[in-house]
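Understanding the architecture of this molecule
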Amino acid sequence: QSVADAGLDAFGCVFVEVWVMTDDGTKLTRPSGGHWMKPAFAQSLPNESLIEKAWELDREAHDCPPGAGLAGTLTEESGLGSGRVLWRQIKSLLNDPFVQR
């Protein structure tokens, strides 16, 4: 519920994810319930195929090492273990050649 509240309370936010470092420090994982997508966002997409793809991406997450993938890139940029929250616009990340997809 807290993850959903974070998204609902943030103006313009359509997606929230929570990632945690595994105990051995080798990878980031998204725990069960660690995600939220604004239902109105999915429903605003132009066709059923894109709507289903959005919900599919919301449901699945793959573990990644720090520095790899979106979660790993944001973790590395924020200073692993610093306790800081890092906000980035998705568009800037999509244009970043160093963010692995």
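Some points on the environment of G67
- Along the polypeptide, G67 turns up in the loop between α3 (48-59) and α4 (69-78).
- Given a relative accessible area of 21%, G67 falls into the partly exposed group.
- Separated by 10 residues in the primary sequence, G67 and E77 have C-alpha atoms spaced 8.3 Å apart.
- Setting aside residues no more than four positions away along its own chain, G67 makes contact with G72, T73 and E76.

A word on the side chain of T75
- Mapped onto the secondary structure, T75 falls in helix α4.
- Within polar-contact distance, the side chain of T75 engages the backbone oxygen of A71 at 2.8 Å.

Overview of α4
- Residues of α4 that are buried include every one of G69, A71, G72, T73, T75 and S78, and no others.
- Directly beyond the C-terminal end of α4, a positive phi value near 85° is found at G79.

Quick look at the confidence of the model for the protein chain
- Per-chain confidence: the protein chain averages 78 in pLDDT, with 78% of residues scoring 70 or above.
- For the protein chain, per-element mean pLDDT is lowest for helix α1 (residues 2-8), which scores 66, and highest for strand β3 (residues 28-29), which scores 90.

Parameters at a glance
Residues numbered from 1 in each chain as written. Predicted model: local features only at pLDDT ≥ 70, side-chain atom pairs only at ≥ 80, totals over all residues. Heavy atoms only, no water. Helix = DSSP H or I, 4+ residues; strand = E, 2+ residues; numbered from the N terminus. Buried < 20%, exposed > 50% of the residue type's maximum accessible area, 1.4 Å probe, protein only. Contact = heavy atoms within 4.5 Å. Polar contact = N/O pair within 3.5 Å; in protein donor to acceptor, adjacent residues only side chain to side chain. pLDDT = per-residue confidence, 0-100.

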